[in-house]
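Given next are the chains, with one letter for each unit.
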Amino acid sequence: MELENLKSELKSQLDTGLKFARSLDSEAQFEIFLYFMNRSNLKILEGIVEANDGIISGNAVKVAKKTSDNKFRVSFTSSSGSDLERIKKNIQECYSTNRSLTVENKRFQSFCYPKNEGKEGILSDELLAITPSDLVPCSQLIINEAKAIDERIKTVGTSMILETGGFAIGNTNGVLGASRLTEFTCDIKIQAMEGNDRKDTYKSVHSRKKIPELEGFGAETGRHTIQLLGGKRLNETMFIPTIWDNEAAACYIRASLGQSSSGLYVVEGLSPLADKIGDRIANPAFTLIDDGQLPTASTTHSCDAEGYPQGTHIFVENGVLKTFLFNSYYSAIFGTDPTGNCSRRGAGIFPSSLPYEQVPSIDISTLRVKPGSKNKNEDDLISDIDGRALYVCSMPMGIFHSQVSTGEFSAVASEVFLVENGEIITPLKSASIAGNFYTGLQKIIEIGGNVQWTPFGVETPSLIIDGLSIVV
Amino acid sequence: MIDKLQNAVSLGEELGASFVEARKDHLILRTLERMNDVWKDIVIRTRSGVGITCYYKGASGYAFTASNDQNDIQDATKQAYKLAKATAPAVKLKLDFDSFPPVKSGKTKKADFLIKKHPSSQDLDSKIDLVNRVVDQAREYGKNISNIKGRYGELYGQKILTNSDQSIIDWEFEVIDLTCTVTSKTEEGNLVYGFSHFGGTRGFEIFNTSEYSPEVIGKRAANNAKEQLDAKACPAGRFRGLTENNLTGVLAHESFGHLSEADFVAMGASPLTNKIGEQLGTECVTIIDSGVPDIKQYGGLWVPYDDQGIQGNETIIVEKGILKHYLHNRGTANYLNQEPTGNSRALHFGFYPIPRMTNTYFLPGDLTEEEALELLGTGVYAIQTSGGQVRGDGNFVFKAKRGYWVDKGEKQYPLREVSLSGNILDLLSKVEGATKDLELVSGYFGGCGKSDQYPLPVGDGGPKLVFSEVTFGGKA
């Protein structure tokens, strides 16, 4: 299937599928989701080469059938492949499963209703023309650059992924939407050694448009890795300010507000923010937007995974909680409109490799933290520190293993430095950082101006947070 | 289907591949979820597809298709060969391997010795009944309940493989799981939670036993949440520690198992590289990975073959503190002069197999729980887990869902969620003792993540372990 024709071809199959569904039962509600994605991956890890290529395709069907007491029985089935034969077989299976159900979803009211579509993100012809073997020189450039930085860099690995494809969604309420994606992602993983001391780092870049400029990427990551060698253990327990670089800050936001903003957790009584609309939940300088129409983001589509247009929503404004994120199911229960945040990416932080198998739920599009008014970069934030602080780089381990409901977290940063009176004094072996996410949001004491893309679905500047408990 | 896979192997060889593997998965996944009084979607997934690996001059190319059509499988074979050939000039570390005598499983091999009532033979209502009983029981025993979630999940189906060894392997993967999560609200308005589950390769009859009935699972989750209402934050710092069996399993898996996966070792990225024969832990530390443990007695997941056609067996990774073996695919085993271990696993047909764990666990010792508490003296007794993570430098973290502060061998008060962290090479030298009770845990929900292959069902476990010092993240 060519990308140019993908939308019309998937929509045509959807249309046929929905007609078939109506022929089975004109009163039941049907929803059909089709997914078709070319995925190529090249990994070069210390000279081990693995290449992978194929089409991830599948279909999902949802049936809601009203019972005599006006409640709905709801079933969901998915199957690999998106050809018409499999779609029809799956529709039949979902309908047959629904007929055998003896339990109702008391809250279900209806699938989504049609609205004008939003915009797709950037689509690239350049990425369409690339094959996995074309990526070999790019990988070798990064690897050679990193290795040349310092002989203590012992292992370097790259993983490049190309994805081109899209999805279509339709239902018996008249929704018929489709959206496409072209994306290139490159990860680098470096390990440096000195004696028995090892440090490893991981960085990522992406683009929907082209293979980005990769010169300097390996060298910069290599230099950062070398800086972490010789980390000290201080044997101290303390409360000091923590400077979270872009990636670490993105993890903090994703693990906390990225989940508790979901209408699912709000409605089910699992979000600590459930009754806090209108309350100040963060420093007044903190504003957070969920942007489903950012052209460069991989999550940007003309419609969400149930066919509702993706949009832009102010979630926290000047520290005050403004709204939650919804799909049609939970918005109806909550008594509001959907926000275009229906997702089939699965329950984890990183998307499922088989999105068509995932039951429609709620997820962020791209969370964007508004930069601080003083437009400080990371060096400024560090040099402003009076006394001691901890400078946390990249994803702290365990931060995504926290419970949404409690807000309590306890994570371990491996890429971490001690800062004293405005200067980085020494790398540390590791730092255990614990606290409550929501208390921490109140104690943001500085927001940088250095907004950056991160692989965690959050664009954010660096943040300084006070009051967290540290063991180093 | 096997003839189509055999044709793919022949085609790959004709094209010039030094070795070809062709596999087909046809798996059924079902989940049922009830949250409070609302039944969520009843979910059935059919996951079916073919994957082909071609090896050429040390490179591997992998291509896949969701189609069963002969032509599509042949196209995937050509693409796999093309990828391997095109990327071969970049290979510097060749993971070639020799042929083995063919493995023949016979007609679809099943875990009949573990499963009397197969989940496919049970109607939907009986599974709905399980979840209803879990939720109802949790409601009866819980306090200040904000949310109750009951879930049942099952995954089963056929895995077929053939390769250039002319092996023909056909077996059925199966795992079931019943879980309960109770969220309660403290008087201050904070949310706390309790969890309980049972899962693994077992038949539906397991839920009729007094140990793993829905009533036991629901009540345990409710009681855990209730206890958390009065729990305190764990103090931050370095203390003596005691890990409960489930948490010990995550330690075996996260903090040690991943580093023993031989792809990391082959490229020099694991701190266990070149350490075979070295004393890494105390004499109390013996760590095993086995695809075929005694599941009837201890629990776990049945993995009799890996995705390269190697039979599952027991690998002693560490014996009495000494590093003995890594976990391999065929290429890393050959490169590191060890035997393949049956650990080459793929998440599904869309991925090529890589070294992964099966059931990873510490062997038990000779202490009772009371003796372990006495040996702990003063410190943290950490219980249950919500997972963990390790980095290539050996730094790890794993989460305990709850625990107790222990003073002079006596439990003093319950603790909330806490993280345990450290460096694996330090930690194993701090194990002072192990209890005599071995438990393995597995399940449908959750699983292991490596690279972008998540969540792969695994098992892990062990006894309770006493540590002389662990870093706990908590309240300073």
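Residues numbered from 1 in each chain as written. Chains lettered and ligands numbered in written order. Predicted model: local features only at pLDDT ≥ 70, side-chain atom pairs only at ≥ 80, totals over all residues. Heavy atoms only, no water.

Caption draft 1: Here's a closer look at the overall build of chain B. A count of helices and strands for chain B gives ten helices and 24 strands. Relative to the compact-globule value of 23 Å for 476 residues, chain B shows a C-alpha radius of gyration of 23 Å, a close match. Projected onto its principal axes, the C-alpha positions of chain B cover 70 × 55 × 35 Å. As displayed, chain B offers around 16,000 Å² of accessible surface, 45% of which is attributable to carbon and sulfur atoms. Side chains of chain B carry 54 positive and 61 negative charges; the gap between the two charge centres is 3 Å. (Helix = DSSP H or I, 4+ residues; strand = E, 2+ residues; numbered from the N terminus. Rg over C-alpha atoms; globule rule 2.2 N^0.38 Å. Areas by Shrake-Rupley, 256 points an atom, 1.4 Å probe, with all protein chains shown as cover. Lys, Arg positive; Asp, Glu negative; His and termini not counted. Charge placed at Lys NZ, Arg CZ, Asp CG, Glu CD.)

Caption draft 2: Representation of unusual backbone geometry within the structure. Residue Pro455(B) follows Tyr454(B) across a cis peptide bond; omega there is 0 degrees. On the secondary structure map, Pro455(B) appears in strand β22 (residues 453-456). At Glu46(A), a position not held by glycine, the phi torsion is positive, near 50 degrees. Mapped onto the elements, Glu46(A) comes out in the loop between β1 (29-45) and β2 (48-66).

Caption draft 3: Inspection of the side chain of Ser256(A) at higher detail. Mapped onto the secondary structure, Ser256(A) falls in the loop between α6 (246-255) and α7 (257-260). Beyond its immediate chain neighbours, meaning those up to four positions away, Ser256(A) contacts Phe437(A) and Tyr438(A). (Contact = heavy atoms within 4.5 Å.)

Caption draft 4: Molecular detail of the pattern of salt bridges. According to the stated counting rule, one finds 49 salt bridges over all chains in the structure shown. Taking the shortest distance from any N to any O, the salt bridge between Glu163(A) and Arg39(A) comes out at 3.5 Å. Here Glu163(A) is found in strand β4 (residues 153-171), whereas its partner Arg39(A) is found in strand β1, with 124 residues between them in sequence. Residue Glu163(A) is classed as buried on the basis of its relative accessible area, which comes to 18%. Across the pair Asp452(B) and Arg39(A) runs a salt bridge whose closest N-O atoms are separated by 3.0 Å. Linking Asp452(B) in the loop between β21 (448-450) and β22 with Arg39(A) in strand β1, this pair reaches from one chain into another. We classify Arg39(A) as buried; its relative accessible area is 15%. What emerges from the salt-bridge pattern is a single network uniting Arg39(A), Lys43(A), Glu163(A) and Asp452(B). (Salt bridge = Lys/Arg side-chain N within 4 Å of Asp/Glu carboxyl O. Buried < 20%, exposed > 50% of the residue type's maximum accessible area, 1.4 Å probe, protein only.)

Caption draft 5: Inspection of helix α2 (residues 84-100) of chain A at higher detail. Compared with the 24 Å implied by 1.5 Å per residue over 17 residues, the 24 Å span of α2(A) between its first and last C-alpha is a close match. Along its buried surface, α2(A) packs onto α1 (3-24), β1, β2 and β3 (72-80) of chain A together with β3 (42-56) of chain B. (Expected span 1.5 Å × (residues − 1).)

Caption draft 6: Focus on helix α1 (residues 2-15) of chain B. Residues and elements named next belong to chain B. When the terminal C-alpha atoms of α1 are compared, their 20 Å separation across 14 residues agrees well with the 20 Å that a helix rising 1.5 Å per residue should span. Every buried residue of α1 is accounted for by Leu5, Ala8, Val9, Leu11 and Gly12. In an axial view of α1, the angular spread of the buried residues amounts to 165 degrees, which keeps them on one side of the axis. At its buried positions, α1 is contacted by β1 (19-35), β3, α2 (70-87) and β5 (145-163). Count one or two residues on from α1 and you reach Gly16, which has phi positive near 130 degrees. (Arc of directions from axis to C-beta.)

Caption draft 7: Inspection of the nonpolar core at higher detail. Residues and elements named next belong to chain A. One finds Trp244, Phe286 and Leu390 to be the most contacted residues of the largest nonpolar core, which totals 63 residues. The biggest single contributor to this core is α6, with seven residues. In this structure Leu390 touches Ile240, Pro241, Thr242, Ile243, Val416, Phe417, Leu428, Ala431, Ile433, Ile470 and Val472, once residues within four positions along its chain are discounted. With 48 residues, the next largest nonpolar core counts Ile130, Ile142, Leu162 and Cys186 among its residues. (Core = buried A, V, L, I, M, F, W, Y, C linked by side-chain atoms within 4.5 Å.)

Caption draft 8: How the structure looks around the pairing of strand β6 (residues 168-185) of chain B. Residue and element names in this part refer to chain B. Of all the 18 residues making up β6, 16 are buried; the element is thus mostly covered by neighbouring parts of the structure. Summarising the sheet, β5 and β6 pair through 17 bridges and their orientation is antiparallel. Bridged to Gly153 within β6 is Asp177. Here β5 folds back onto β6, and the loop between the two strands holds four residues, one of which, Gln166, carries a positive phi near 70 degrees. The turn joining β6 and strand β7 (residues 191-200), which pair antiparallel and follow one another in sequence, is formed by five residues; a positive phi near 90 degrees is taken by Gly189. (Pairing = 2+ DSSP bridges.)

Caption draft 9: Expanded view of empty space enclosed by the protein. According to the stated counting rule, one finds six cavities of 30 Å³ or more in the structure shown. As for the largest cavity, its lining consists of 15 residues, and the residues nearest its centre are Arg233(A), Ser430(A), Arg238(B), Gly422(B) and Thr471(B). Listed by contribution, the elements that provide at least two residues to the lining of the largest cavity are β19 (431-436) of chain A together with β18 (418-423) of chain B. The element that contributes the greatest number of residues to the lining of the largest cavity is β18(B), accounting for three residues. (1 Å grid on protein atoms, 1.4 Å probe; cavity = no way out; pocket = protein on both sides within 12 Å on 5 of 7 lines; lining within 4 Å. Points joined across faces, edges and corners; volume = space filled by probe spheres on them.)

Caption draft 10: The arrangement of the interface of chain B and chain A in detail. Taken together, the contacts link 82 residues of chain B with 86 residues of chain A. Surface buried jointly by chain B and chain A totals about 7,000 Å² across both partners, of which 51% is contributed by carbon and sulfur atoms. Where chain B meets chain A, there are nine salt bridges. Across the pair Lys199(A) and Asp393(B) runs a salt bridge, and its minimum N-O distance is 3.8 Å. Applying the counting criterion to the chain B and chain A interface returns 45 residue pairs in polar contact (both at pLDDT 80 or more). Considered class by class, the residues forming the side of chain B that touches chain A number 35 nonpolar, 30 polar and 17 charged. As paired elements, β3(A) and β3(B) share five bridges and run parallel to each other. Note that in β3(B) the partner of Ser75(A) across the bridge is Ile42(B). (Buried area = accessible area lost by both parts, 1.4 Å probe. Polar contact = N/O pair within 3.5 Å; in protein donor to acceptor, adjacent residues only side chain to side chain. Nonpolar A, V, L, I, M, F, W, Y, C, P; charged D, E, K, R; others polar.)

Caption draft 11: Broad picture of the layout of surface pockets. Here the second largest pocket is characterised by a volume of approximately 1,000 Å³. Lining the second largest pocket we find 38 residues, and of these Phe36(A), Asn38(A), Asp53(A), Gly54(A) and Ile55(A) sit closest to its centre. For the lining of the second largest pocket, the secondary-structure elements that each account for two or more residues are α1, β1, β2, α3 (125-128) and β4 of chain A together with β4 (59-65) and α2 of chain B. For the lining of the second largest pocket, the leading source of residues is α2(B), giving seven residues. The class makeup of the residues in the lining of the second largest pocket is 17 nonpolar, 13 polar and eight charged.

Caption draft 12: The arrangement of a negative patch on the surface in detail. A contiguous patch of negative charge on the surface is contributed by Glu2(A), Glu4(A), Glu9(A) and Asp125(A). Here Glu4(A) lies in helix α1. (Patch = residues over 30% accessible without salt bridge, like charges linked within 9 Å, V, L, I, M, F, W, Y side chains within 5 Å.)

Caption draft 13: Just the packing of aromatic side chains, in detail. Under the definition given, this model contains 32 aromatic pairs over all chains. The interplanar angle of 35 degrees and the centroid separation of 5.9 Å between the aromatic rings of Phe400(A) and Phe456(A) together place this pair among those described as tilted. Note that Phe400(A) is positioned in the loop between β15 (388-393) and β16 (408-413) and Phe456(A) in the loop between β20 (444-447) and β21 (458-459), a separation of 56 residues in sequence. Between Phe64(B) and Phe349(B), the aromatic rings sit 6.3 Å apart at their centres with planes inclined by 65 degrees, giving edge-to-face as the arrangement. With Phe64(B) in strand β4 and Phe349(B) in the loop between β12 (344-345) and β13 (354-355), this residue pair connects regions lying 285 residues apart in the sequence. As far as burial versus exposure is concerned, Phe64(B) and Phe349(B) are alike and both buried. Through pairs of rings, three or more aromatic residues link up here, namely Trp244(A), Tyr252(A), Phe409(A) and Phe437(A). (Phe/Tyr/Trp six-rings, centres within 6.5 Å; stacked < 30°, edge-to-face > 60°.)

On their own, these measurements won't tell you what the molecule is for.
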